[in-house]
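# Descriptive structure summary
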Amino acid sequence: MRKTQDRVNKHKPWIETSYHGVITENNDTVILDPPLVALDKDAPVPFAGEICAFKIHGQELPFEAVVLNKTSGEGRLRAKSPIDCELQKEYTFIIQAYDCGVGPRETAWKKSHKAVVHIQVKDVNEFAPTFKEPAYRAVVTEGKIYDSILQVEAVDEDCSPQYSQICNYEIITTDVPFAIDKNGNIRNTEKLSYDKQRQYEILVTAYDCGQKPAAQDTLVQVDVKPVCKPGWQDWTKRIEYQPGSGSMPLFPSIHLETCDGAVSSIQITTELQTNYIGKGCDRETYSERSLQKLCGASSGIIDLLPSPSAATNWTAGLLVDSSEMIFQFDGRQGAKIPDEIVPKNLTDQFTITMWMKHGPSPGVRAEKETILCNSDKTEMNRHHYALYVHNCRLVFLLRKDFDQADTFRPAEFHWKLDQICDKEWHYYVINVEFPVVTLYMDGATYEPYLVTNDWPIHPSHIAMQLTVGACWQGGEVTKPRFAQFFHGSLASLTIRPGKMESQKVISCLQACKEGLDINSLESLGQGIKYHFNPSQSVLVMEGDDIGNINRALQKVSYINSRQFPTAGVRRLRVSSKVQCFGEDVCISVPDMDAYVMVLQAIEPQISLRGTDHLWRPTTQFESARGVTLFPDLKIVSTFAKAEAPGDLRTTAPKSAVLEEMLHNLDFCDILVLGGDLDPRQECLELNHSELHQRHLDATNSTAGYSIYGVGSMSRYEQVLHHIRYRNWHPGSLETRRFRIKCSELNGRYTSNEFNLEVSVLREARVSDKEHVNHLIVQPPFLQSVHHPESQGSIQHSSVVPSIATVVIIISVCMLVFVVAMGVYRVRIAHQHFTQEAEAAKEAEMDWDDSALTITVNPMEKHEEPGHGEEETEEEEEEEVEEDVSSSSSESEDSEEEEEEEGVGRGRHGQSGARHTQLEWDDSALPY
């Protein structure tokens, strides 16, 4: 059978070895080259010479092959599903042809060799171009022609190069001075003018190579800016600073416009100009003594330029700015220091400190300008020590006495500094540790550039005169006078014998309370270098990256740590130095001028409150403790805060609400009114421990007591609570009056004047020689009687008896009422007893009440509500009367005892206390 089949179907079908085909996407017909035809040499034998099938070898191929004519072997290749070029552009697979075998059942069929089919998918332009960005924006400078302002770009999702490539761009908007090339580059066709038009909006479309336009046009916005000028932008000229707001950025949005300059590095100098504020900047305006204590300086300072007062009157004739305690010398004034202020002979160690503002002296060879001078008062004109300015040099002269050493010794110490004549405030400290003298200026150390020697001064008995602002010429002239006057301003001129100041104290004394600051130093960009000057008024920053420089300058801040800063303008200047990469001409950045406006701080209202009239017995005035003057004094500081009305529709003005605030005080003065104290019989006292533990100082005199030093209000309260007044002979004293006043910032803010009157409480004596009652009246009671000031002094001896009489009458009325209530309660108790007796008889219990005696306490509370309330009210009235009449309690007790003795001392043994319970015997009362 097998042989028979082989004889019938002798040959295999034959096809080409390879085929190349093309199919258009979204079509099912494949065009093959060569066509798909299979041949069989067994033709025209039925079945064996016919082609029955084409089979494709491959997985999940979207194609199938069909036989169109079995006899001719012609076939067709077609797609089973839509072909998408964007998913797959080419297909390669194997195909074979099969004959029909030897019979209708297609048995014993034979297959051809394998042929390779390669099909390429032909693209259809089904996608339109789309732009990568929905809108584009560019900024151009006026007056320039650009080759390319910006580039727009579109894409096409078709798979073929013909349809996926963008061949052309076009500007749709008409009448605009712009053009676009086939790559999407937009340029201007004419010079643009900022004044003519500041912004252009144009629509652009794109075409692929099949000339299909974009599905949606894109918007291109071109902004025209003026001709670029290098400089700082986005900053404000006026910066307001609210006191207490801490560190505030000056230029939070600033940035540098370089106009595309090739900048390699930039240096920025920010300067805060405060030389016209106070002594060069905003410093604490406490007195020099208070500032020295705040900075931890040694004690013993002597202020040579204090505020003019009765005790310090040598500065009364000088020109002074009282708000800052600045003394101005115009070359015609000098002040003599009293002899007892400064020791005659300074030791080898002492310190001189001062603030000085001085300018160049007129003339070629200027005269010496004396700051401080200790010279002979009469006969001769020797200078023992002096501090003066000569030709912009600061000179300190110190001549030792002849008896100390008969040798040539250092006598003059010279310093040459530009700051001496720059018309700016500087802080000078001359530390003397003979033979070494060191100058500190603004915290920096300077050694003298020249030291000259001289012989000691021969001893004499001539008195010396210490002067400020000029030198006293007592000899060698027809009339003693001032000479060598100073031209300039001085403040806080002090001398401290026997002590030298440390560098830390000196830095503290001259430190500014305002300056430049940098917020978050750790956040400064890399490569930023910065440097502050000692007073933090100048900040220099340097970097090579413009972005980091911008961020660094945005963090520069102004800070003022004073609670009550000096209001006004602080000028700012920002200067820049720019370096470029190998450029002969580099950009120039103009300086920036701004100012900080420090607003007015809220002014505190300092109030002193307490008892303003005290009565004390003579024994308390004479005691070692004396009379405490201000036991309940309160120091409160408030400020007015505007409060908006609750109803916004109303036009009523805002009401002011007082709120408390905390701050320091620097002195409180207690003045004696009506004549100074007589030290032979009276004084004001305060334990020094009360001062020292609160870091305060005080001075005591017959005119009053002065407490000074920077401290909190609570500290001053605690100290003032311990001020005592003593009088050893109060017999002739009727009243002593005192006045207290406190200050903050050396008198810038002062409290009200609190007046206190202390009166002597006399002893009241009765006519009975054997019984003496000391009447001691408490202040609260007498205040309530004495409060009408228009009536003047009230004689206490006439007030007390009238009050006692009223109290006695009220007591008698109460006693009658209590007796009536007692009788009523006895009757009620008897009725209860009768009912109980009858009930006992029914229970076969016999009671004998013939000798019954009932004792009732009328002061205890009855169980009935009405009576309990009445008795409670009576007890409260008695307590109120006792509090009100506490001043006469002893005399009332004595009178009550005498009345009770007349009624019967044995039955009613009462003590002097008012709340002793009373017992009543009602055995004789009829029922």
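Residues numbered from 1 in each chain as written. Predicted model: local features only at pLDDT ≥ 70, side-chain atom pairs only at ≥ 80, totals over all residues. Heavy atoms only, no water.

To keep things clear, this is the line we draw: UniProt positions are given in the numbering used here, feature names are shortened, and annotations may be inferred rather than shown by experiment.
Under the annotation held in an unreviewed UniProt entry, the chain carries the name Calsyntenin-2 and is attributed to Zalophus californianus. You can read under Function (unreviewed entry) in the UniProt record for the chain the words "Postsynaptic adhesion molecule that binds to presynaptic neurexins to mediate synapse formation, and which is involved in learning and memory. Promotes synapse development by acting as a cell adhesion molecule at the postsynaptic membrane, which associates with neurexin-alpha at the presynaptic membrane." The annotation that UniProt attaches to the chain under Sequence similarities (unreviewed entry) is "Belongs to the calsyntenin family."

## A word on helix H5 (residues 546–554)
Rules: Burial classification: accessible surface area is computed with a 1.4 Å probe over protein chains only, and a residue below 20% of its type maximum counts as buried, one above 50% as exposed, and the rest as partly exposed. Runs of E in the DSSP output that reach at least two residues are strands. Runs of H or I that reach at least four are helices, and both are numbered from the N terminus. Whether two residues are in contact is decided by their heavy atoms, any of which lying within 4.5 Å being enough. Think of a polar contact as two N or O atoms within 3.5 Å of one another; within protein, one of them needs to be a possible hydrogen donor and the other a possible acceptor, and neighboring residues in sequence only count if both atoms come from side chains.
Here H5 has its buried residues at Asn548, Ile549, Asn550, Ala552 and Leu553. Check the buried side of H5 and you find it contacts strand S17 (231–233), strand S20 (255–257), strand S21 (263–273), strand S41 (538–543) and strand S42 (556–560). The backbone nitrogen of glycine 547 lies 3.1 Å from a side-chain oxygen of the residue at the head of H5, namely aspartate 545.

## Some points on the sheet that holds strand S39 (residues 514–518)
Our working rule: A strand pair is defined by DSSP finding two or more bridges across the two strands.
Reading across from one edge, S19-S42-S39 is the order of the 3 strands in this open sheet, with antiparallel pairing throughout. Two strands in the sheet have a free side with no partner beyond their single neighbour: strand S19 (248–249) and S39. By the bridge criterion, 5 bridges tie S39 to S42 in an arrangement that is antiparallel. Counted as the bridge partner of glutamate 514 is asparagine 560 from S42.

## A closer look at the pairing of strand S14 (residues 185–188)
Only one face of S14 is buried, namely the one carrying Ile186 and Asn188, since none of Asn185 and Arg187 on the opposite face is buried. Pairing between strand S10 (residues 150–151) and S14: 2 bridges, direction antiparallel. Bridge pairing in S14 places glutamine 151 opposite asparagine 185. Relative to S14, strand S13 (residues 178–180) is paired through 3 bridges, and the arrangement is antiparallel. Bridge assignment links alanine 179 to a residue of S14, and that residue is arginine 187.

## Some remarks on the packing of aromatic side chains
Formally: In this analysis, rings of Phe, Tyr and Trp, with Trp reduced to its six-membered ring, are considered paired at centre separations within 6.5 Å, and the interplanar angle assigns stacked below 30 degrees, edge-to-face beyond 60, and tilted for intermediate values. The rule is short: NZ of Lys or CZ of Arg within 6 Å of the ring centre and within 35 degrees of the ring normal puts a charge over the ring.
Under the criterion given, the structure shown has 18 aromatic pairs. Aromatic side chains phenylalanine 329 and phenylalanine 486 sit 6.1 Å apart centroid to centroid with 75° between the ring planes, which places their arrangement in the edge-to-face category. Residue phenylalanine 329 is found in strand S24 (residues 326–330), and its partner phenylalanine 486 is found in the loop between strand S37 (481–483) and strand S38 (487–497); the two are separated by 157 residues along the sequence. For phenylalanine 329, a relative accessible area of 4% puts it in the buried group. For the ring pair phenylalanine 350 and tyrosine 385, a centre distance of 6.5 Å and an interplane angle of 45° mean the geometry is tilted. Taken as a pair, phenylalanine 350 in strand S26 (residues 349–357) and tyrosine 385 in strand S28 (residues 383–390) lie far apart in primary sequence, 35 residues in all. Aromatic ring contacts, followed pair by pair, group Phe350, Tyr385, Phe396 and Phe413 into a single cluster. The ring of tyrosine 98 is capped by lysine 55, whose NZ or CZ atom sits 4.7 Å from the centre of that ring. Just above the ring of tryptophan 109 sits the side chain of lysine 55; from NZ or CZ to the centre is 5.8 Å.

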